[in-house]
Amino acid sequence: MARAGSLASSPIPDSLKPGGIESENHPWKIRLVEHPKRFESSFFRAAKKTAHKILDEISDTDLPYGSRPVGSEHWEMHHGGSLWVKGAGGWRMYRARVGIEWSMQFCAEPVKVDRLRNEAAELIDAFPLTLPALAELGYEEADALLRTPIKDADGVEAWTDSLFNACVPMTHGNHQGILPNVPGEHHYPWPVKGADFVRYDDFQLWVTLPDGTHGAVAPVDRRGSGDGHVRLVHVPEGSRAAETVAEAQEQGLMAVLPPNSSAALQAFAEQIDPGRRTAAGALATGRARGNGRGSR
């Protein structure tokens, strides 16, 4: 992929002024070993059982991330900081300041995890229907988890596998997927992946770059502006665009691709008329009002 500064076929913002790049080669090796069989704690079993009961009570439109699994798929519970509360309108899930992935518990300092517990307790106390509702579902340990200070590895484990950390419900793709199929949270940065759950349906967040790698792009202006430039917000480390994106971030600038680039045309493909060679210009007929779709 060409460097952003060399894309002369269409203007880019003057603020993007790449400088020189220095690099060195550092050979390295990773040893692949068998993964120890993961032990599913009693805490996690209880949390998952409760989460499934909660999900059964939630309407499809109120699910936190995407639609329900279909066919042979099933809910996967992501250790992402799942703060479940019940209000007058039913169950809702908020995300904690940070989630503790299962393997990360082994480097987690108890006093820092205890801060997460305190923050969770403060939120859940603001929803007084929550603890009685959890008790009705059979999750009677909820109150003890929220009130017991975390002082050691046992406490960290209990919190890590609890309903208040381990039960962000996701389909397999949104949880662990890899492009070009579906990008999962484990493999793509959350500030970018999170856009999948708020973007217009007819904006393609994830695109194939000229070198065959997959990246994520965002519009540079609001829908209907006519500006078809896109900003590269994520590229894999092996992409030819990676150095330019890193350099732009280092300088506080944006790495931008022109409206006639393949990335822009992919991103806006459903918003422009078929065969158009630029993403700049008016939205295709019938899309100017947005009608719940599109993004520009």
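Here goes a summary of the coordinates provided. (Residues numbered from 1 in each chain as written. Predicted model: local features only at pLDDT ≥ 70, side-chain atom pairs only at ≥ 80, totals over all residues. Heavy atoms only, no water.)

Quick notes on the packing of aromatic side chains
Then, in step 1: For the coordinates displayed, the defined rule picks out nine aromatic pairs.
Then, in step 2: Where Trp-190 meets Phe-197, the ring centres are 6.3 Å apart and the plane angle is 35°; that geometry is what we call tilted.
Then, in step 3: On the basis of relative accessible area, Phe-197 is assigned to the partly exposed category, the value being 25%.
Then, in step 4: Ring pairs connect the aromatic residues Tyr-65, Trp-190 and Phe-197, which therefore count as one cluster. (Phe/Tyr/Trp six-rings, centres within 6.5 Å; stacked < 30°, edge-to-face > 60°. Buried < 20%, exposed > 50% of the residue type's maximum accessible area, 1.4 Å probe, protein only.)

Describing the sheet that holds strand β8 (residues 256-257)
Then, in step 1: Across the sheet, four strands lie side by side as β5-β6-β7-β8; this open sheet has antiparallel pairing. Sheet topology places β5 (206-208) and β8 at the edges, where each strand pairs with a single neighbour.
Then, in step 2: Where β5 lies against strand β6 (residues 214-219), three bridges are found, and the strand directions are antiparallel. Across the sheet, residue Val-207 finds its bridge partner in β6, namely Gly-215. (Pairing = 2+ DSSP bridges. Helix = DSSP H or I, 4+ residues; strand = E, 2+ residues; numbered from the N terminus.)

Some thoughts on the nonpolar core
Side chains of a nonpolar character, in soluble globular proteins, are inclined to be buried together.
Then, in step 1: Core analysis: the largest hydrophobic core is formed by 38 residues, its most contacted members being Ile-54, Trp-84, Leu-134, Tyr-139, Trp-159, Leu-163 and Phe-164.
Then, in step 2: Listed by contribution, the elements that provide at least two residues to this core are α1 (42-57), β2 (82-87), β3 (90-95), α2 (110-125), α3 (130-136), α4 (142-147), α5 (153-160) and β4 (168-170).
Then, in step 3: Apart from residues no more than four positions distant in its own chain, Trp-84 is found in contact with Ile-54, Leu-55, Ile-58, Pro-64, Arg-92, Met-93, Ile-124, Thr-130, Leu-163, Phe-164, Cys-167 and Pro-169.
Then, in step 4: Phe-203, Val-235, Ala-255 and Ile-272 belong to the second-largest nonpolar core, a separate cluster that totals 26 residues. (Core = buried A, V, L, I, M, F, W, Y, C linked by side-chain atoms within 4.5 Å. Contact = heavy atoms within 4.5 Å.)

The quantities given are spatial measurements derived from coordinates; they are silent on function.
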